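If you want the building blocks of each chain, they are given just below.
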Amino acid sequence: MDIKKVNEQENTLEIKNLVIHYISDDEVVKAVNGVNITIKAGKTLGLVGETGAGKTTTALSILNLVPEPQGKILSGEVLLEGRSVFSMNPLELEEVRGDKVAMIFQDPMTSLNPVHTVGAQIAESIAIHRKVSKQEALKQAKEMLELVGIPGERANEYPYQFSGGMKQRVVIAIALACSPDLLIADEPTTALDVTIQAQVLKLINELRQKYHMSMLMITHDLGIVAEVCDEVSIAYAGRIIEHGNLEDIFDHMRHPYTKGLFDALPDIEARRSELKPIKGLMPDPTNLPTGCPFHPRCDYAMEICSQSLPQTKWISETHCVECHLYNDTNESRL
Amino acid sequence: MFKFVVKRLFAMIPIILAVTFVVFTIMYFTPGDPTNVILGNEWSETASAQLKAELGLDQSFIMQFFHYVKNLVQGNFGMSYITRAPVGDQLLARFPNTLIVVAGAMVFCVGVGVPIGIYSGVKPYSLFSNVTMVAGLLGVSLPIFWLGLLLILLFSVQLGWLPSSGLDSFASLILPSLALGSNYMANVMRTTRSSMLEVIRQDYIRTAKAKGVNERNVVLKHALQNAMMPTITVIGMNIGALLGGVVLTETVFSIPGTGRLLVESINKRDTPTVLGCLVIMAVCVAISNLVVDIIYAYIDPRIKAQYGGGKG
Ligand SMILES: Nc1ncnc2c1ncn2[C@@H]1O[C@H](COP(=O)(O)OP(=O)(O)OP(=O)(O)O)[C@@H](O)[C@H]1O
Ligand code: SF4
Ligand SMILES: [Mg+2]
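This is a predicted model, so every value here is computed, not measured.

1. Focus: the interface of chain A and chain B
Right, so step 1: On the side of chain B, 23 residues touch chain A, which itself brings 28 residues to the contact.
Right, so step 2: When chain A packs against chain B, close to 2,300 Å² is buried across both sides, 59% of that on carbon and sulfur atoms.
Right, so step 3: Summed over the shared surface of chain A and chain B, the result is 1 salt bridge.
Right, so step 4: For Lys-211 of chain B, the salt bridge is made with Glu-124 of chain A, and the minimal N-O distance between the two is 3.0 Å.
Right, so step 5: For the pair chain A and chain B, the interface holds 11 residue pairs in polar contact (both at pLDDT 80 or more).
Right, so step 6: Class assignment for the residues of the side of chain A that touches chain B results in 13 nonpolar, 10 polar and 5 charged.

In structure tokens:
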């Protein structure tokens, strides 16, 4: 076995140069435009970005579940422990989904099948992947329910009998049922109120550690990132414009957009009276700006910014950024 | 659930009474003297008056209706003006034929319409889907009469494969079922397709796929049950229309059923028989609506809960 291969196998997930557009009769939504993501075994990566940045689309591609027929994967690869997802046949995909990779979906209200009991919905993936009997699967499903803090006897109830927070827990239980190697959590707490948010987050974190899972945590909440992630990728208009570990991003952020994200945070300790939201609106994915997609909103924009897309620049072993400020020739850095 | 069914059965009574009243009123106020029909050439003032007294036709409208209902409750549909035999016996002899034809049409429209609808909803961009949708459009616009005659011409006259009239074998059921069912089959197919299209892009379908459920079970276990609601509604609503269509079908294919009996007795002003046919059909529609509601409850736990079925 050559060295390269050994290296690759340490990565639970590798996304390389992924491009996904939603193509319909009258428009092309450029959702993902060359994303690179790597998650090492056992680590948690935070994927942060505004709404419409292409986070969910990227996540769905890992399960090869980008909505058809509009969603077109135009180029790039997704490797799970070195195996390419896009070249798997349906049977291989079914084996991966729910067992190797599981996803907690963004909207718990619509993610559960209204006509099946929650118990059956959790048991289903256990029955598929663990090859156990129906009763055994249901028994394990009840244990999963208790694990996420819902009494096991409620397994016989239907989703409409559950509150939003409980549905989210069920969605989490479904995702964790087969203790996947990689857990994708797509804004698992946005649908919940603040007190439950903290509980659910704690729960995910505990279970993740218990089962030694890698995790992709999608969020636009930097507080969550600080709490659960090892590394952070900042997404903007379908690209990762900055990536690094927590220290890199929280203490040495380089990209003007990343800086804007932090400036927009309410800072309770400093009691700063005024928030500084990033000016302008997020770009229209059907009509992205030329060059650096952030340039219409950027305080540091230069002439070159509207002309060419900045290349990925590695600032240190762990930290990279896509911005013309970090050209080798440029002096005026952030 | 049991309580719900019983409650609904009782709720049917006023509906059927109301239908009976409407039909009775229409028949009562239709101009013409029934004794003319019954006595024919032997008609005379005295004979007519005597007959009216005998049949209770000299009483007030309300009393006549009251008597009719009273008899009806005892299972007595009255005497036919024409044959002077009990209408109930006629219905008993004829109604099974109608039921068979309607059931045949139903089996055809569900058995063919639902699977095609599912398939073309799951694969909406396939050639198959497009072809069946065009066929479906044709299906809803073909009149039963015309289609029935066309089928007879092709399969009975030209090819000689299937009988063109009567109802004495399975083969003789095929053409009437096709003629009667094709409109509704097309309806069922289109409804199933569009609700399948809708359901298949719901989030919970994605959840199922993300669990590793294979495509077949995604459709059969997750999508179908959710997609069936509109289809069942359409089927339920069409039962009334099917019973209407059966009048034409039985005429075209010379099937001795209630539909044809109805037409004949209207022509002959045989009021008790007309009433009997319509009451039976109304009961039929009411029962099938109840069945549809029960099926709803089995498909959707939320509806079951509303019916007071409790948990599970
Ligand atoms: N099925 C679809 N058809 C067409 N366009 C889509 C579809 N799904 C997503 N998009 C578009 O693709 C872009 C990226 O969507 P995506 O859901 O990946 O964003 P996101 O980063 O997850 O946003 P959010 O934070 O709101 O969840 C958006 O502009 C969205 O409108
Ligand atoms: S490349 Fe230019 S426009 Fe883009 S973030 Fe950097 S400075 Fe701003
Ligand atoms: Mg999203």
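2. Topic: the packing of aromatic side chains
Right, so step 1: Overall, the coordinates contain 14 aromatic pairs over all chains when judged by the stated rule.
Right, so step 2: An aromatic cluster of three or more residues is present, and its members are Phe-21, Phe-24, Tyr-28, Phe-29, Phe-61, Phe-65 and Tyr-68 of chain B.
Right, so step 3: Its end group placed over the ring of Phe-162 of chain A, Arg-154 of chain A keeps NZ or CZ at 4.9 Å from the ring centre.

3. Thoughts on the confidence of the model for chain B
All names here are of chain B.
Right, so step 1: With 98% of its residues at a pLDDT of at least 70, chain B reaches an overall mean of 86.
Right, so step 2: Across chain B, the secondary-structure element scoring lowest on mean pLDDT is helix α2 (residues 34–39), at 77, and the one scoring highest is helix α9 (residues 203–210), at 95.
Right, so step 3: Scoring the predicted complex yields pTM 0.83 and, for the interface, ipTM 0.88.

4. A word on the site of ligand 1
Residue and element names in this part refer to chain A.
Right, so step 1: Near ligand 1 you find 15 residues, and of these Thr-51, Lys-55, Thr-56, Thr-57 and Gln-106 are the closest.
Right, so step 2: Gly-54 has a polar backbone atom sitting 3.0 Å from an oxygen atom of ligand 1.
Right, so step 3: At 2.7 Å from an oxygen atom of ligand 1 is found a side-chain nitrogen or oxygen belonging to Gln-106.
Right, so step 4: Bound to the protein, ligand 1 loses 70% of the 630 Å² it would expose on its own.
Right, so step 5: Secondary structure elements with two or more residues in the shell around ligand 1: β2 (28–40) and α2 (55–62).
Right, so step 6: In terms of residue count, α2 provides more of the shell around ligand 1 than any other element does, 3 residues in total.
Right, so step 7: Taken together, the residues that form the shell around ligand 1 break down as 6 nonpolar, 6 polar and 3 charged.

5. Some remarks on the coordination of the magnesium ion (ligand 3)
Residue and element names in this part refer to chain A.
Right, so step 1: Each protein donor to the magnesium ion (ligand 3) is listed here as Thr-56 (OG1) and Gln-106 (OE1); together their distances run 1.8 to 2.4 Å. Taken together, the positions of Thr-56 in helix α2 and Gln-106 in the loop between β6 (101–104) and α4 (118–130) put the pair 50 residues apart, joining distant regions of the chain.
Right, so step 2: The class for Thr-56 is partly exposed, based on a relative accessible area of 22%.
Right, so step 3: Owing to a relative accessible area of 31%, Gln-106 belongs among the partly exposed residues under this scheme.

6. Let's talk about the side chain of Thr-231 of chain B
Residues and elements named next belong to chain B.
Right, so step 1: Here Thr-231 shows up in helix α10 (residues 215–252).
Right, so step 2: On the accessibility criterion, Thr-231 (0% relative accessible area) is buried.
Right, so step 3: Here Thr-192 takes part through its side chain, which lies 3.1 Å from a polar atom of the side chain of Thr-231.
Right, so step 4: Excluding residues within four positions of it along the chain, Thr-231 makes contact with Val-114, Val-188, Thr-191, Thr-192 and Ser-195.

7. Some details on a nonpolar patch on the surface
Residues and elements named next belong to chain B.
Right, so step 1: A contiguous nonpolar patch, built from Phe-145, Trp-146, Leu-149, Leu-150 and Leu-248 and spanning about 460 Å² of accessible area, is present on the exposed surface.
Right, so step 2: Considering each element in turn, the nonpolar patch owes the most residues, 4 residues, to helix α7 (residues 144–158).
Right, so step 3: Within the secondary structure layout, Leu-248 lies in helix α10.

8. Describing the pairing of strand β3 (residues 44–48) of chain A
All names here are of chain A.
Right, so step 1: Of all 5 residues in β3, 5 are buried, a share of seventy percent or more.
Right, so step 2: Residues of β3 alternate between two faces, with Thr-44, Gly-46 and Val-48 on one and Leu-45 and Leu-47 on the opposite face, all of them buried.
Right, so step 3: Here β3 pairs with strand β9 (residues 231–236) via 4 bridges, running parallel. Bridged to Leu-47 within β9 is Ser-233.

9. Thoughts on helix α1 (residues 2–29) of chain B
Residues and elements named next belong to chain B.
Right, so step 1: Along its 28 residues, α1 runs 41 Å from first to last C-alpha, staying within 8% of the 40 Å computed at 1.5 Å per residue.
Right, so step 2: For α1, the set of buried residues is Phe-4, Met-12, Ile-16, Thr-20, Val-23, Phe-24 and Met-27.
Right, so step 3: Among the structural elements, α4 (61–73) and α12 (271–299) are those in contact with the buried residues of α1.

10. Re a negative patch on the surface
Residues and elements named next belong to chain A.
Right, so step 1: On the surface, a cluster of negative charge is contributed by Asp-25, Asp-26, Glu-27 and Asp-284.
Right, so step 2: Its location among the elements puts Asp-25 in the loop between β1 (11–23) and β2.
Right, so step 3: The exposed category is assigned to Asp-25, whose relative accessible area is 86%.

11. Description of the nonpolar core
Right, so step 1: By size, the foremost hydrophobic cluster in this structure holds 57 residues, and its most contacted members are Val-101, Leu-180, Leu-242, Phe-253 and Tyr-296 of chain B.
Right, so step 2: Mapped onto this core, the elements with two or more residues apiece are α5 (87–122), α7, α8 (170–200), α9, α10 and α12 of chain B.
Right, so step 3: Per element, the largest residue contribution to this core is 15 residues, and it comes from α10 of chain B.
Right, so step 4: Of the residues that make up this core, three or more belong to each of domain 1 (1–37 + 268–312) and domain 2 (104–258) of chain B.
Right, so step 5: Each residue touching Leu-242 of chain B, except ones within four places of it in the same chain, is listed here: Val-102, Ala-105, Met-106, Leu-180 and Tyr-184 of chain B.
Right, so step 6: By size, the runner-up hydrophobic cluster in this structure holds 54 residues, among which are Ala-141, Ala-173, Val-228 and Ile-249 of chain A.

Definitions and cut-offs
- Residues numbered from 1 in each chain as written.
- Chains lettered and ligands numbered in written order.
- Predicted model: local features only at pLDDT ≥ 70, side-chain atom pairs only at ≥ 80, totals over all residues.
- Heavy atoms only, no water.
- Contact = heavy atoms within 4.5 Å.
- Buried area = accessible area lost by both parts, 1.4 Å probe.
- Salt bridge = Lys/Arg side-chain N within 4 Å of Asp/Glu carboxyl O.
- Polar contact = N/O pair within 3.5 Å; in protein donor to acceptor, adjacent residues only side chain to side chain.
- Nonpolar A, V, L, I, M, F, W, Y, C, P; charged D, E, K, R; others polar.
- Phe/Tyr/Trp six-rings, centres within 6.5 Å; stacked < 30°, edge-to-face > 60°.
- Lys NZ or Arg CZ within 6 Å of the ring centre and 35° of its normal.
- pLDDT = per-residue confidence, 0-100.
- Helix = DSSP H or I, 4+ residues; strand = E, 2+ residues; numbered from the N terminus.
- Near = heavy atom within 4 Å.
- Areas by Shrake-Rupley, 256 points an atom, 1.4 Å probe, with all protein chains shown as cover.
- Donors = N, O, S within 2.8 Å, 3.2 Å for Na, K, Ca; no water.
- Buried < 20%, exposed > 50% of the residue type's maximum accessible area, 1.4 Å probe, protein only.
- Patch = residues over 30% accessible without salt bridge, like charges linked within 9 Å, V, L, I, M, F, W, Y side chains within 5 Å.
- Pairing = 2+ DSSP bridges.
- Expected span 1.5 Å × (residues − 1).
- Lys, Arg positive; Asp, Glu negative; His and termini not counted.
- Charge placed at Lys NZ, Arg CZ, Asp CG, Glu CD.
- Core = buried A, V, L, I, M, F, W, Y, C linked by side-chain atoms within 4.5 Å.
- Domains from an automatic or database assignment.

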